[in-house]
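Single-letter residue listing:
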Amino acid sequence: MKLARVLPALLLLGLARQALAAPRPPQFRPLAIGEPAASLPNEGYEPSACGSNEGPPLQHLTGWIDFAQCAPDARGLHEVYVEFGRRVGKLAERFHDQYGGELWLQRFGGTRLANFPVVLSLLFDDAGVVRGFRAVTDDRAHVEDRGRAYLFRLPVFQRYGARDWTCADLPRAPGETGVGEMFIKEVCTKDVEGRHIRVETHYFRKPGQTGLDIHGMFEPGQYESSTRWEAFDVTLDAAKAAP
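Here is what the cut-offs are and how they apply
Residues numbered from 1 in each chain as written. Predicted model: local features only at pLDDT ≥ 70, side-chain atom pairs only at ≥ 80, totals over all residues. Heavy atoms only, no water. Helix = DSSP H or I, 4+ residues; strand = E, 2+ residues; numbered from the N terminus. Buried < 20%, exposed > 50% of the residue type's maximum accessible area, 1.4 Å probe, protein only. Core = buried A, V, L, I, M, F, W, Y, C linked by side-chain atoms within 4.5 Å. Phe/Tyr/Trp six-rings, centres within 6.5 Å; stacked < 30°, edge-to-face > 60°. Salt bridge = Lys/Arg side-chain N within 4 Å of Asp/Glu carboxyl O. Disulfide = S-S within 2.5 Å. Contact = heavy atoms within 4.5 Å.

1. Focus on the environment of Trp 64
Reasoning step 1: If you trace the backbone, Trp 64 turns up in the loop between β1 (45–50) and β2 (78–84).
Reasoning step 2: By relative accessible area, Trp 64 is classed as buried at 2%.
Reasoning step 3: Considering only alpha carbons, one finds Trp 64 and Leu 122, 58 residues apart in sequence, at a separation of 9.6 Å.

2. Quick look at the nonpolar core
Reasoning step 1: In this structure, Phe 124, Tyr 160 and Trp 229 are the most contacted members of the largest nonpolar core, which totals 31 residues.
Reasoning step 2: Top contributing element to this core by residue count: strand β4 (residues 116–124), with five residues.
Reasoning step 3: Among the nonpolar cores identified, the runner-up in size contains five residues, and Tyr 150, Ile 184, Tyr 203 and Tyr 223 belong to it.

3. A short note on the packing of aromatic side chains
The geometry of an aromatic ring pair comes down to the distance between the two centres and the angle between the two planes.
Reasoning step 1: Under the counting rule described, the total for this entry stands at 11 aromatic pairs.
Reasoning step 2: Between Trp 64 and Phe 124, the ring centres sit 6.4 Å apart and the planes meet at 50 degrees, which makes this aromatic pair tilted. Of this pair, Trp 64 sits in the loop between β1 and β2 while Phe 124 sits in strand β4; the two residues are 60 residues apart in sequence, bridging distant segments of the chain.
Reasoning step 3: Residue classification places Phe 124 among the buried residues on the basis of a relative accessible area of 0%.
Reasoning step 4: Note on Tyr 150 and Tyr 203: the rings are 4.1 Å apart at their centroids and 20 degrees apart in plane angle, and the pair reads as stacked. Of this pair, Tyr 150 sits in the loop between α3 (143–147) and α4 (153–160) while Tyr 203 sits in strand β8 (residues 195–204); the two residues are 53 residues apart in sequence, bridging distant segments of the chain.

4. Some details on the pattern of salt bridges
Two side chains with opposite charge may pair up if their charged atoms get near one another.
Reasoning step 1: Evaluation of the coordinates by the stated rule reveals 13 salt bridges.
Reasoning step 2: When the shortest N-O distance is used, the salt bridge between Arg 134 and Glu 230 registers 2.7 Å. Of the two residues, Arg 134 sits in strand β5 (residues 130–137) while Glu 230 sits in strand β9 (residues 224–233), which places them 96 residues apart along the sequence. A single burial state applies to Arg 134 and to Glu 230, both of which are buried.

5. Some thoughts on the state of the cysteines
Reasoning step 1: Evaluation of the coordinates by the stated rule reveals two disulfides.
Reasoning step 2: Disulfide pairing is shown between Cys 50 and Cys 70; the S-S distance is 2.1 Å. Across the S-S bond linking Cys 50 and Cys 70, the dihedral sits near -90 degrees, which makes this disulfide left-handed. Here Cys 70 lies in the loop between β1 and β2 and Cys 50 lies in strand β1, a separation of 20 residues in the sequence.

6. Overview of the environment of Phe 204
Reasoning step 1: Checked against the element boundaries, Phe 204 lands in strand β8.
Reasoning step 2: As a C-alpha pair, Phe 204 and Glu 224 span 20 residues in sequence and 5.4 Å in three-dimensional space.
Reasoning step 3: Not counting the four nearest positions on each side in its chain, Phe 204 is found in contact with Glu 176, Thr 177, Val 179, Phe 183, Ile 184, Lys 185, Gln 209, Tyr 223 and Glu 224.

Below you can see the structure in the form of structure tokens.
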């Protein structure tokens, strides 16, 4: 048996053993609206930095109770960037980068909700109570995950029930076109369970994106594909105002 055939199998076996030894990513449910920072769980979660409204993490934090170090946003809330499941996610990433294939355990790794990689944050009021959360599909993900990011809206709709959503199409900017026959630029809202839910979905090509390179060959990733899911305490002032 050639060494070149043996190495991938050995690496896969080693990664699988490491993954089985690692704890599974925690559930999102304990990070609930209404919970005080002091009572939020620490095991498996990494409240690592101040958030930046789906952008990169900012000032480093050591725990939930550091929320006040994050500057308040327009609603007066302090955004804390959250990660979980990073160890398993890194193992799957290594395998993908080296061999170009999907590792069976990838769907358990990284900061994922409903198997979609997301940028996740909790928003605290000045008293340290969670008043909202934000989950935005991660545009740093592999192209396969990016391509299906617009589908993240489906499990969100299922979570709150398919009926009674108020949806509206956002206006097309000049030069925006569909991906094939699909063009999605939509905002849906719903009040349920004492929460105001807002889901914004994009799936289209930006100006100048054609899906082809300069030689007319298919070039993957030339599109905007994203879902932004936000939930706020319905009693929060300006909760129904879009960011």
